[in-house]
Amino acid sequence: MMLLESLAKLLRRRPVDTSLTLAGAAIVAAMAFMALAAPLIAPYDPYVSVDKALLPPSSSHPMGTDNLGRDVYSRVIYGSRIVLTVVLTSTLVSMAIGTALGLVSGYFGGVLDRALSVVMDSIYAFPGLILAIAFAAMLGPGVYNTIVSISVVYIPTYFRMVRGQVLSVKSSLYVEAAKALGASHGRIMWRYILPNVLPILPVIFSMNVADAVLTEAALSFLGVGVPAPTPDWGFDLRNGQRNLLAGYWWPSTFPGIMIVVLALGFSLLGEGLNELLNPSRRW
Amino acid sequence: MASLRAFIVMRLLLTVPMVLILLTLVFVVMRVLPGDPVTAIVGMKTSPEHIERLRRELGLDKPLWAQYVDYISSLLRGDLGRSMIWGRRRVIDEIWDRFPATLELSIGGFAVSVIIGLLTGTTAAVKRGTATDAALRVASIVAYAMFIPVLGMMLQLVFGVYLRIFPVAGRKSPWIDVPKITGFYLVDSLITGNIEGVFDALWHLALPSLTLGIVLSGIYTRLVRASMLDVLEEDFIRALRARGIPESAVIFKHALKNAFVPILTMMGLQFALLLAGAVLTETTFSWPGIGTFLMERIEYRDYTTVQGTIVFYALLVSAISLIVDILYAYVDPRIRY
Amino acid sequence: MALLEIKGLKTYYFLPDSVVKAVDGVSFSLDKGEMLAVVGESGSGKSTLGLSILRLVPRPGRIVDGSIVFDGVDLVKLPEEEMCKVRGRKIGAVFQDPLTSLDPLMRVGEQLVETLLTHFEMSREEAEAEAKRYLELVGISPERFYDYPHQFSGGMRQRVMIAMAVATKPSLVIADEPTTALDVVMQAQIMDVFTRLKEELGISFILITHDIALAVETADRIAVMYGGHLVELATSEEIYKEPLHPYTKALLEAVPDVEARDRKLRYIPGNPPDLSSPPPGCRFHPRCPYATEKCRREIPPDVSVKGRLVKCWLYG
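Before going into details, it helps to say that this report is about the structure given with it. The structure presented is a predicted model; accordingly, all values stated were derived computationally and were not measured. (Residues numbered from 1 in each chain as written. Chains lettered and ligands numbered in written order. Predicted model: local features only at pLDDT ≥ 70, side-chain atom pairs only at ≥ 80, totals over all residues.)

Of the regular secondary structure elements, chain A holds 12 helices and 0 strands. Put simply, chain A runs from its N terminus to its C terminus through helices and strands in the order α-α-α-α-α-α-α-α-α-α-α-α. When its C-alpha atoms are laid out on the principal axes, chain A stretches across 75 × 50 × 35 Å. Burial analysis of chain A (283 residues in total) assigns 47% to the buried set. Taking as baseline every contact in chain A between residues at least 6 positions apart, the subset at least 24 positions apart corresponds to 70%. (Helix = DSSP H or I, 4+ residues; strand = E, 2+ residues; numbered from the N terminus. Buried ≥ 20, exposed ≤ 12 C-beta atoms within 10 Å, placed from the backbone. Contact = placed C-beta atoms within 7 Å.)

For chain B, the count of helices and strands is 14 helices and 0 strands. For chain B, the N- to C-terminal ordering of α and β elements is α-α-α-α-α-α-α-α-α-α-α-α-α-α. Buried residues in chain B amount to 41% of all 337 residues. When contacts within chain B are restricted to residue pairs at least 6 apart in sequence, long-range pairs at least 24 apart make up 72% of them.

A separate point is the sheet that holds strand E5 (residues 73-74) of chain C. All names here are of chain C. Reading across from one edge, E2-E1-E4-E5 is the order of the 4 strands in this open sheet, with antiparallel pairing throughout. Because the sheet does not close on itself, it has two edges, and the strands there are strand E2 (19-30) and E5. In this sheet, E5 lies alongside strand E4 (residues 61-70) in antiparallel orientation, the contact comprising 2 bridges. When the sheet's bridge partners are listed, Phe70 is paired in E5 with Val73. Contacts from helix H1 (residues 46-54) reach strand E1 (4-14), E2 and E4 within the one sheet, and its direction differs from that of E2 by about 70°. (Pairing = 2+ DSSP bridges. Axes fitted to C-alpha atoms, helices over the stretch in contact; angles between N-to-C directions.)

Contacts between the two partners involve 21 residues from chain C and, on the opposite side, 14 residues from chain B. Only helix H2 (80-86) and helix H3 (108-119) of chain C provide two or more residues apiece to the side of chain C that touches chain B. Top element by residues in the side of chain C that touches chain B is H3(C). It accounts for 4 residues. Looking at the side of chain C that touches chain B residue by residue, the class counts come to 9 nonpolar, 6 polar and 6 charged. (Nonpolar A, V, L, I, M, F, W, Y, C, P; charged D, E, K, R; others polar.)

This is how it looks when you write it as structure tokens:
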């Protein structure tokens, strides 16, 4: 199969970058599987107390129970659903809005472009997490509100990247030609400019999702994200913190590890893809 | 130097719209978004008169544009508002009380991240293509993907609980007495000759700085590596080697110095990340800074304080951005044009 | 005994998909106080030759075979710490682009002092005095000791490089295209400095250049390189009056003649060989007007003609 052949060739030529990308992809796939198959693989209902509180890991509870007697393993599995839903949705929303704005702003230029750029640059300079906290604080806790809060943070990222691409493509000959032939603005943007913008998106998207995972975990950890009793890794991390120093390490450690692993998976995927598609250095 | 002055003026002018936009954004978030702040504060159980009084007090009965004008004009006077709970202190006073703590932590974290970044980045650049390089690059990706509370809790467990070397929370031990001159325990202890206080402050600063520093170093490692690789490809490096200059001098005396300028550029931009990371670090270690303050007041629905604090962040970021830009213009004349 | 004796040197670059044979079996010797010019087009391997002697071949290249015996010691087999003591002390180097060959953040005099202190046991004051002496030797006023590289012109910077190369009193200086980035006037000045150093201090030079006219003018002997092979070796007078190898002839003919007015510019047709997959047989045969079937099949041997060396089937 051609795909396997090119993969093998890549592995030989750029072993480090290819293995990193594959590792990242594997992690993401595993997480996606976990989220999709949650009802099938989780042994207990994550919302319900099923045993005594704070039981250490055992055969019936591989990750022990939390302070309310819920099975940590099931909460971790179901948590992947919430986290992935929130994170993927918000990043897609950011991408859609940011790309659209960047496309329009870069293409039409002028006052609109200048105004939007200043606004976006200002937001971009502001600490993302604190912006998300501000939104989350005003909107209140909840899954949908968390999605909104996170989306806002990443819109400027896409805006800037897309606008940059648009500006460099805008003055190419074939765009000029299309204009001369009387193509409408919409058509030009859709058929000529957008296809040149799309290639850069996967890498940005991947790295963005990694960041969004950490932001979502932060919001829930700080108490302004996904609320109880919904299973969420960030929330569970905080919940287990008070008993951590007494020696009950399992209620926070496992959700904590999942957060890092998921963020790592998307990071490796994004970084690896970036190196493979835009190799920065040869010898 | 005339051009430097011109640059500063230009840059200041540019700051005004930026600050205005951020302040407007905060206003939009705080006032325009759905969610009635008043009922959020007092709940449904109070009398309608009480609710009305609160509304008037907060200025929420006026039309939106009037609220906006009030908002901006009070900010111009340096008034960040007043807290709605307890002693009704001025927000600016409360922030000022806690600012040294956050600053201390930020400096500590920044220092750790730069040191780690310089060491690992340089090593990775020098050993480019080897297993060490790959390992360090992966380590930097892992570090950046690390969730601060997770790392913090791990360090707390290992160093605080099992090994008992460092304290797991707080800024100083209760038995140490440090007079409040600057607000920085470290500085105040030094000034008053309180050696025990100095060590106590550092002891408490250790784990939080390490946590923040390790996570932030992820970016620096990559940056230093890239910058060093660029410099190491320059002709003068080869010329230095041809003169028999020992490799250690080539790397640390010549290459690193030259690599520093682009790194410096990035450091300024990372300030926002530092602030965000500080919030998480403070929460994890119960560090009494602005981050914990913000989250605490959000929980108490102290709406005015929350707004004032966010505004403070906006102003802080703008100020630092301005200072950094001016510093670069001073150091590198090319940027002025 | 010759100062430098190279036998069968092979330096290859190992790329992921191919091996570039930059220097593929080169041998020659150099005496004390002699200036040898290594002439060739870009891609002929001449720069790699220079770097090989200094053991500064960048990754992914390395010396694969052969010996470089300098002052009785085979440099190829020398451990790196020992090589560091040779580099900059017994063998000096001057590279092509003076604008980027100096550390931009360090004063010029300081860089000279650094070199001296690395190789010699002397006090700072002694080193500074010595540095100023050498600056004067190459025609730079000693007050400029305290200036930064960007305050010098290209020609002056190159002279600083030369001062640095000879301040350690080396027996050999390798100069890789030292005047290519400079104008004709500066070029003449620099070559003048070389000649003076050769005659006054007895330093041997290996001058690597693509400019055969320059080589004929200033060097004692000329080695012509093509496609990684050394194709001709003779004194500059012999080369000028009676070039033997077709490539040498073509190089000389390609030199523009100021006096001939209507003559078209002569050039050598074709392209330099791809050193990762060189043509079989004589490397020059695709561009050689005298190529025969034998040239296409077998690599010519090194033939001795009237005490000179040629690598061509025309003479073997």
